[in-house]
Amino acid sequence: MTANPQKTRETDPLKSIVAHAKEYGFIFPSSEVYDGLQAVYDYGQNGVELKNNIKRLWWKTMVQMNENVVGLDSAIFMHPTIWKASGHVDSFNDPMIDNKDSKKRYRADELIEARAEEMRESGDENGADELLSKANGLLDREDLDGLRDLIVEQEIKCPTSGTANWTDVRQFNLMFSTHMGSVSDDSDKVYLRPETAQGIFVNYLNVQKSGRKKIPFGIAQIGKAFRNEIVARQFIFRMREFEQMEMQFFVRPGTEMGWYEEWMQKRMGWHKALGISEDSLRFHKHEKLAHYANAASDIEFKFPFGFKEVEGIHSRTDFDLKNHQEFSRKKISYHDPETNQSYTPYVVETSAGLDRLFLMMLCSSFVQEEVKDGDNVKERLYLKFPAFLAPNKAAVFPLVKKDGLPELARKLFDELKMEHQAIYEEQAAIGKRYTRQDLIGTPYCITVDHESLENQTVTIRERDSTNQERIAIDKVLAYISEKVSDQQVLAKV
Ligand code: ATP
């Protein structure tokens, strides 16, 4: 897509968010001094804190709060046959098409979807449905010539060159590969995992046996995944290196639909407990199912570029375990003491993208509002992160850099930092220091002033209301700990 020069910072919220994320140390383009690396990003000093807090909360809700879910950290490199068994070598493909004039590459299905969207916007609902069902039929049959014919028939043009000078449609495998060891031939080929789930499947027996786990039980894992996405755009929404938080729940065959419904509701509840508004979240049920699934839904969040998937809940049947049994020739089954039967467990998975959740939090916390300043109205920008996720929980300021105030402020900061990520700041006017904390979403600012010397109290300013209250210095740690606690969220999920 070409950028629309008419769009300003104000009318394109995503652009404002991207710029803010860079300016305030959340996200930097990777290798920026070398002009960047497409679809790869680095998390800065505030970004890494927010990301770790999301991870920690997910881990707590999935593992710590569920007696029957345990964790795992499997390696990124795995035996290459795993990706044969999982179907990724043969079918983890996207159909791509190149425009010969612009040399730009597109996903053929996305070009057709965009055309269907245009039809819908112009009121042609039936035409859009017909087009999508035609495209889905061609995708199911892997009829690549048919897909190209459809693009030509629809007169779809390249947004960059404006021409319809297309190549053939080809399948493009999304897995990155490399070589292990010193010899580089195909026998040493290994892949960078495109999902964390397979590490869980191949460790199912290890965990079940070593932990004496009884079905139903789950295994959760957070880790990097890599996909050579053809069209990587929309900031950290679609990256080539990203992080997943996945949980595979192993169940008795025939009970999977109940568990699927239960995990759908639980996971939706989790997103809401983060403070995401109800009207920004929805389910999207998959009509066209992946080869391994018998039911699948996405949880979608309303990003500035529309409702898009942040997490998938899939009923994956026994596809993966059965295939690993077949390819490894090792028996993978479970003897159920309740029914006295042996079977291959079915699996319901919850699969969330950590980076997409990060972007969801950034978008839903980005507040630009007009506030009264005497007779004037000025714009106030702040990040309204829920306190339990905020990168920094509190900032401590001495009002001035003299009269013993820095010493007292430092003492308080040293106490706070033992429990919380906190900031100490003595530069600039106090108003500027508050604004700076607003811009990185710090929920509480504590100021040590001359009155503090007299009566051992400080002011605490709350970010969203900007209200201030005075409390005793020796009560500050308990006050902050209570306010930033995740207990209430955990009780809800
Ligand atoms: P999409 O349809 O958007 O490509 P997907 O259906 O391929 O996503 P899954 O394979 O179900 O995604 O992966 C599970 C989760 O991993 C997704 O819900 C998403 O949050 C995250 N994810 C997948 N691909 C990427 C990517 N390229 N960049 C960032 N996150 C991703």
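Residues numbered from 1 in each chain as written. Predicted model: local features only at pLDDT ≥ 70, side-chain atom pairs only at ≥ 80, totals over all residues. Heavy atoms only, no water.

Draft legend 1. Representation of helix α6 (residues 125-140) within the structure. Taking 1.5 Å per residue as the helical rise, α6 with its 16 residues ought to reach 22 Å, and the 22 Å between its terminal C-alpha atoms agrees with that figure. Within α6, burial applies to G127, A128, L131, A135, G137 and L138. Tucked into the core, α6 has its buried residues touching α5 (108-121) and α7 (144-153). The positive-phi residue at the C-terminal boundary of α6 is E142, with phi of around 50 degrees. (Helix = DSSP H or I, 4+ residues; strand = E, 2+ residues; numbered from the N terminus. Expected span 1.5 Å × (residues − 1). Buried < 20%, exposed > 50% of the residue type's maximum accessible area, 1.4 Å probe, protein only. Contact = heavy atoms within 4.5 Å.)

Draft legend 2. Highlighting the sheet that holds strand β3 (residues 69-72). In spatial order, the strands read β3-β9-β10-β16-β13-β12-β11; together these seven strands make up an open sheet with mixed pairing. Strand pairing shows two members of the sheet lacking a second neighbour, β3 and β11 (281-285), which therefore form its edges. Ignoring which end each strand starts from, the neighbouring axes of this sheet average 25 degrees apart. With eight bridges connecting them, strand β10 (residues 241-251) and strand β16 (residues 346-353) associate as antiparallel partners. Residue pairing in the sheet places Q248 in a bridge with E349 of β16. Sitting on the sheet, helix α10 (residues 256-273) touches β10, β11, β12 (295-303), β13 (306-317) and β16, and the angle it makes with β13 is about 150 degrees. Each of β10, β11, β12, β13 and β16 touches helix α12 (residues 354-365); the most contacted strand, β12, lies at about 35 degrees to it. (Pairing = 2+ DSSP bridges. Axes fitted to C-alpha atoms, helices over the stretch in contact; angles between N-to-C directions.)

Draft legend 3. A look at the side chain of D109. Inspection of the secondary structure assignment puts D109 in helix α5. A polar side-chain atom of D109 sits 3.1 Å from a polar atom in the side chain of R107. Apart from the residues lying within four places of it in its own chain, the contact partners of D109 are P95 and L139. (Polar contact = N/O pair within 3.5 Å; in protein donor to acceptor, adjacent residues only side chain to side chain.)

Draft legend 4. Region of interest: the environment of K483. Relative to the helices and strands, K483 resides in helix α16 (residues 476-483). Those residues in contact with K483 that lie beyond four places of it in its chain are A387 and Y444.

Draft legend 5. Quick peek at the confidence of the model for the protein chain. Scored by pLDDT, the protein chain has a mean of 93; 97% of the residues are at 70 or more. This model gives residues 1-10 a pLDDT under 50, and the stretch forms eight contacts once residues within four places in sequence are excluded. (pLDDT = per-residue confidence, 0-100.)

Draft legend 6. Looking closely at the packing of aromatic side chains. Counting across every chain of the model gives 20 aromatic pairs. Ring geometry for F397 and Y434: centres 5.8 Å apart, planes at 50 degrees, overall tilted. Here Y434 lies in helix α14 (residues 430-440) and F397 lies in strand β19 (residues 394-398), a separation of 37 residues in the sequence. Each member of the pair, F397 together with Y434, is buried. Relative to Y424, the ring of F413 has its centre 5.9 Å away and its plane inclined at 50 degrees; by these criteria the two rings are tilted. Note that F413 is positioned in helix α13 (residues 405-416) and Y424 in strand β20 (residues 422-424), a separation of eleven residues in sequence. Each member of the pair, F413 as well as Y424, carries the same accessibility label: buried. Site record: aromatic cluster; members linked through ring pairs are F201, Y204, F217 and F250. Positioned over the ring face of F237 is R356, at 3.7 Å from the centre of the ring. (Phe/Tyr/Trp six-rings, centres within 6.5 Å; stacked < 30°, edge-to-face > 60°. Lys NZ or Arg CZ within 6 Å of the ring centre and 35° of its normal.)

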